Amino acid sequence: MSPPRPDWSGHTDDELVRFVRGGETDAFAELVRRTRRPAYRLARRIMRNHEDADDVVQESYVKAYRALDRFVPGKAMGPWLLTIVARTALSAIRKGKRRAAASLDDPGPDGVVPLAERIADPSTDPEGLDRRLEVERAFAGLSEEHRAILALRVDGDLTYASIAEALGVPVGTVMSRLARAREALVERMNESRKVSPNEP
Amino acid sequence: MSPDPPHPAAEELFAYRDGELTADRRVVVEAHVTGCRVCRERIDQVSGLESELRARPDDVDERYYQRLEEAVLKRVAGEDRAPRYERRRAETGGAVEEEKRGAPRLPWAGVLSTASAAAAVIVVVVVLVRQGPVWRAAPRPVLLEKSAPDAGVRARADSAVGSTRGIGGVAAPAPASPPARERLAQLEPQPSAEGKDQAKVDALKLGAIKQERDEQEIGSVVAPAEEVAANRAVAPLAAKSAPAAPSGAKDLADAPRAKAGSAPPAALMASQAPGTDGYGSIVARFGLPPTWAEGSVSNESLLRAESDLRYLYRTGGAGADSARVRLYLAEATRLRAGAAPDSAAYDEIIHHYRRAIRLAGGDAQTARAAAQRLGEFLQQVTPSP
């Protein structure tokens, strides 16, 4: 039986960063626990399947660990990490490190549930379910650039300045690119409704 | 009739919606949106779509997150470069070149030293085997019995043969073997040694000589009786923490490594066995609180108690108080080292704090104090950016 791990949950992000820099690798686990959900969601939005997203998230945490000395005390860890996730994801896309896109209905590995199954909540009305799937499909059909910037804004809830930092572009570019991404999403939704036989 | 004012650009409209416009532009756009149904619908449409996206259920459940956490920890544990980097920064006042953190690197220093050591061993073995007859004519090595002060030391040396390369006698002793001298004597008169079995005999002789050398080495390495006792006393601790091999082994390795200990106080000799109140009597004698706490320990008392506490820790007598002993030792070392500890003191302080945190178990007060002090220490030695 391994010895119990120290409980780091009572410490602030800053304190945890100091512990990790002092060699307490276990304290990094607490930082991972605090940020893993938004990190994975962002990676999954940008990448087209779970496996790529998993690679991106793991790689991002390793990068964050190596770069902890550059973390500015007093700042929130979440946006800093999401910036790394976004950069890592876009870099993976540029390098062609991608697997085939997963269908919304694809069964995943253990611990991963297909989206169609997850949102098919019995309490969800059929119309709402159809609409949710429609939006997800429209989003999945966007370009990588548009998916990334929308994910940073929608899932990461980052400010324009943080998005600019993550993408390495000026804030003005974030404004225009985000607007184009939103318009593209609306356009795809409109097209989808035109071809959908069930649309009223 | 004046035409309707032009709609704001999409960038501005959505930036207004996101609260990212400057104050003056916000006033202008807001005035337009308030009176423009088309723009309000655009905003509402986008907001609705983004709400749907935000409401997307997680693709993964807790099992995945657990695996992710374990995978990440496994990867970063292999790196474990932060402390070294920190130390270098502390030593050089931060004027250190950024480490290259790209591709994974092999520990070349370790690889080269291992390879060269292996090559040296091979060369020595080949030379010795080829010069077998010369060894027979050479003067006999000094026998251990002549130099050993008593039979007890001899017995200790014999039993420690199998563990000298381990962690100071903690490993199970090797079974007793015939003294090397006897084996040499048995080999000497063998007539077959001159014949076809010469190589075999030489090899056996070489082994016997090496064993005798090992025995002599052990006599000097393991010498202080208290260190042997210390390792034996710590052995149950090692067994208890066997699954955590790296930290357990490191802890054990600490005992012989620590050189700052003092001569054993007589009173302590009687109470050093695990389970006794050695720690309690030390803190009582020097007027220290059971657990170090800021402001409650005088520097003088701490420094006076240090050697006894260090001895207790070295001999494995701290038992359930190990974390508190470590915390005191960290504080004492820190006090001695001053505001700018050298790298050895830095290592020792960090190590004691870390062990205090790990050994604290359910002792939340000690764990919290050690964590807090470690954080402050790192803050102290890390140059501000």
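See the structure shown above.
About the thresholds
- Residues numbered from 1 in each chain as written.
- Chains lettered and ligands numbered in written order.
- Predicted model: local features only at pLDDT ≥ 70, side-chain atom pairs only at ≥ 80, totals over all residues.
- Helix = DSSP H or I, 4+ residues; strand = E, 2+ residues; numbered from the N terminus.
- Buried ≥ 20, exposed ≤ 12 C-beta atoms within 10 Å, placed from the backbone.
- Contact = placed C-beta atoms within 7 Å.
- Nonpolar A, V, L, I, M, F, W, Y, C, P; charged D, E, K, R; others polar.

Caption draft 1: Just the overall build of chain B, in detail. Helix and strand counts for chain B stand at 19 helices and zero strands. Burial analysis of chain B (385 residues in total) assigns 28% to the buried set. Here the contacts in chain B between residues at least 6 apart in sequence split such that 64% fall between residues at least 24 apart.

Caption draft 2: Spatial organisation of the overall build of chain A. Within chain A, the regular secondary structure consists of nine helices and zero strands. Overall, chain A shows an N-to-C arrangement of helices and strands of α-α-α-α-α-α-α-α-α. For chain A, the residues scored as buried account for 41% of the 200 residues in total. The contacts of chain A with a sequence gap of at least 6 include a subset with a gap of at least 24, amounting to 63%.

Caption draft 3: Layout of the interface of chain A and chain B. Taken residue by residue, the interface counts 54 residues in chain A and 51 residues in chain B. Only helix 1 (13–21), helix 2 (25–46), helix 3 (50–66), helix 5 (115–119), helix 6 (126–140) and helix 9 (171–195) of chain A provide two or more residues apiece to the side of chain A that touches chain B. In the side of chain A that touches chain B, the residues fall into 29 nonpolar, eight polar and 17 charged.

Caption draft 4: Quick look at helix 1 of chain A. Residues and elements named next belong to chain A. Of all nine residues in helix 1, seven are buried, a share of seventy percent or more. Buried within helix 1 we find Glu15, Leu16, Val17, Arg18, Phe19, Val20 and Arg21. Following helix 1 by one or two positions, Gly23 has its phi on the positive side, about 105 degrees.

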